[in-house]
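# Examination of the molecular architecture
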Amino acid sequence: MNHTADNQTWTAEGVQALFAMPFNDLLYQAQTVHRENFAPNQVQKSRLVNIKTGGCPEDCKYCSQSIRYQTEVDASKLMKIEDVIADAKVAKKDGATRYCMGAAWRGPKPSHMESLCTMVSEVKSLGLETCMTLGLLNRDQAVRLKQAGLDFYNHNIDTSPEYYGQVITTRTFEDRLQTISYVREAGMKVCCGGILGMGESQQDRGRMLIVLANMKHPPESVPINMLVPIPGTPLAEAQQVEPIEFVRTVAVARIMLPMSVLRLSAGRRSMSEELQALCFFAGANSIFVGDRLLTTDNVEYDHDEALFTKLGLEDMVPTAESSADQVDQYAQETAS
Ligand code: SAM
Ligand code: DTB
Ligand code: SF4
């Protein structure tokens, strides 16, 4: 198999064969693919901020911010622009190169757009890459965010098309794909991945990766979240993914998505250093830094610094981007 063939169409059989490989062989292949496409010791650092917390009308069974579940999260209004800028400055000082602003919405309302666009342009002017995750977008909203300077839009498919209805009923898998295509058409980079540990099967994990890998232009950034179980949500007691199976999934993702930056996203706080090290070896090359994710704690800053030193990892510096030109080309192709 050609490790770097980015036009390869993945089938269920092909993915099953990867999952069935002896662990050492799988990790060796994943590490080989990783080295063909990335500097092996570099890890990208993103920082997350919740610009609008809680009160979300959607019913995502994993989420602390859905209004449908009794969790400890209270709803807040959209953060003030000056508070976002102050937080972004701290993120930059702490070594983050990308600042990701999340909102607990089904999607932004027309009245939010002006503030959101100002946040994007102000954060960008600090020299940070910008990312937002605001839920479903229409075409016009995607274009406006791009014009304001938004580099990435995060919009996860979360799981396989087959399992999706077990997790979310208030929007469809196709709704998510539609937003992703608006983001592409507008010329932004796509950040799209999912969550492991929601009761899905290995086959579902493979099917989710097939959707991502078979996209005409696979996402530049792929977050792999380990479910953070939230008391009060329907998935509070979900069976955790066994750690070796988690690493295996990261390795399979690396092989199927050779050019994508893979983010070891939520759930690192409950992972040992050894498990994280194995995930980096399997091809994960991005993390969230900072003490908080959206509504839950992340690994402390000092612990991450210490782990980077132990493993000899370095910060990935955004290139002269690189993919900006590539993305404009994607947008033209998509539009034509
Ligand atoms: N409301 C927007 C949306 O759903 O697209 C943006 C914010 S939402 C919280 C972003 C992503 O965070 C979700 O798609 C999901 O993949 C991830 N996420 C949310 N809660 C999580 C949890 N408890 N554990 C792991 N990942 C989670
Ligand atoms: C993503 O894939 N993971 C991040 C980000 N995109 C927005 C969110 C993780 C949330 C973890 C649970 C919480 O803190 O509420
Ligand atoms: Fe709302 Fe996003 Fe949470 Fe779903 S994941 S309930 S859309 S904030």
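Scope of this entry: the structure provided in the associated data block.

### As for empty space enclosed by the protein
Counted by the stated rule, this structure contains two cavities of 30 Å³ or more. Roughly 830 Å³ of internal volume is contained in the largest cavity. Among the secondary structure elements, those contributing two or more residues to the lining of the largest cavity are β1 (42–52), β2 (98–103), β3 (129–133) and β7 (221–226). Partitioned by chemical class, the residues of the lining of the largest cavity number 22 nonpolar, 14 polar and six charged. Volume-wise, the second largest cavity comes out at about 50 Å³. Along its surface, the second largest cavity is lined by L196, G197, M226, L227, P229, A238, Q239, Q240 and V241.

### What to know about the packing of helix α10 (residues 273–282) against helix α11 (residues 301–311)
One way to put it is that α10 packs onto α11 with a least axis distance of 11 Å and a crossing angle of 60°. The orientation of α10 with respect to α11, classified from their angle, is oblique. Viewed along their axes, α10 and α11 form a crossing whose handedness is right-handed. Across the interface between the two elements, E273, Q276, A277 and F280 of α10 pack against L307, K310 and L311 of α11.

### A look at the pairing of β7
Where burial is concerned, most of β7 is hidden: six out of the six residues are buried. Here β7 shows no split at all, with S221, P223 and N225 on one side and V222, I224 and M226 on the other all buried. Where strand β6 (residues 194–196) lies against β7, three bridges are found, and the strand directions are parallel. The residue of β7 that forms the bridge with L196 is M226. Each parallel crossover has a hand, and for β6 linked through helix α8 (residues 202–213) to β7 it is right-handed. Both β7 and strand β8 (residues 261–264) contribute to a ladder of four bridges, which runs parallel.

### Section: the site of ligand 2
Lining the immediate surroundings of ligand 2 are 13 residues, of which N156, N225, L294, T295 and T296 lie closest. A distance of 3.3 Å separates a nitrogen atom of ligand 2 from a polar atom in the side chain of N154. Note that an oxygen atom of ligand 2 is positioned 2.8 Å from one of the side-chain N or O atoms of T296. Coverage of ligand 2 by the protein amounts to 88% of the 410 Å² it exposes when considered alone. Here ligand 2 occupies the largest cavity. Tallied by class, the residues present in the shell around ligand 2 amount to six nonpolar, seven polar and no charged.

### Some details on the side chain of D94
Mapped onto the secondary structure, D94 falls in the loop between α3 (81–93) and β2. Filtering out sequence-adjacent residues up to four positions away, D94 remains in contact with R47 and Y301.

About the thresholds
Every residue gets a number counted from 1 within its own chain, in the order that chain's sequence is written. Chains carry letters and ligands carry numbers; both start at the beginning, A for chains and 1 for ligands, and go up in the order they are written. In keeping with the model being predicted, local features are shown solely for residues with a pLDDT of at least 70 and side-chain atom pairs are shown and tallied solely at 80 or more, while totals for entire chains, interfaces and linings include all residues. For the side-chain quantities, the full set of heavy atoms in the structure was used; hydrogens and water were omitted. The definitions used throughout rest on a 1 Å grid laid over the protein atoms alone, on which a cavity is an enclosed set of points accommodating a 1.4 Å probe that cannot get out and a pocket is an open set flanked by protein within 12 Å on both sides along at least five of seven lines; lining residues are those having an atom within 4 Å of a point. Grid points are joined across faces, edges and corners, and a volume is the space filled by probe spheres set on the points. Helix and strand assignments come from DSSP, with helices taken as H or I runs of at least 4 residues and strands as E runs of at least 2, each series counted from the N terminus. Residue type decides the class: Asp, Glu, Lys and Arg count as charged, Ala, Val, Leu, Ile, Met, Phe, Trp, Tyr, Cys and Pro as nonpolar, and the leftover types, Gly among them, as polar. To get an axis, a line is fitted to the C-alpha atoms, and for a helix only the part in contact is used. The angle between two axes follows their N-to-C directions and goes from 0 to 180 degrees. Here is the rule for angles: anything less than 35 degrees is roughly parallel, anything more than 145 is roughly antiparallel, 65 through 115 is roughly perpendicular, and the remaining ranges are oblique. Crossing handedness is read from the near helix: turned anticlockwise from the far helix by less than a right angle, it gives a left-handed crossing, and turned clockwise, a right-handed one. Residue contacts are defined here by distance: any two heavy atoms, one from each residue, within 4.5 Å place the two residues in contact. Relative accessibility decides the category of a residue: with a 1.4 Å probe and only protein chains considered, values under 20% of the type maximum give buried, values over 50% give exposed, and everything between is partly exposed. Being paired, for any two strands, means DSSP has found at least two bridges between them. The definition of a right-handed crossover adopted here requires that, viewed with the strands pointing away, the path from the first strand over the helix to the second runs clockwise. Whether a residue is near a molecule or strand depends on its heavy atoms: it is near if one of them lies within 4 Å of it. Polar contacts, as used here, are pairs of N or O atoms within 3.5 Å; protein pairs need one atom able to donate a hydrogen and one able to accept it. Residues neighboring in sequence count only if both atoms are side-chain atoms. Using a 1.4 Å probe, the Shrake-Rupley method yields the accessible areas, and only the shown protein chains count as cover for residues. To qualify as sitting in a cavity or pocket, a molecule needs more than half of its atoms within 2 Å of the grid points.

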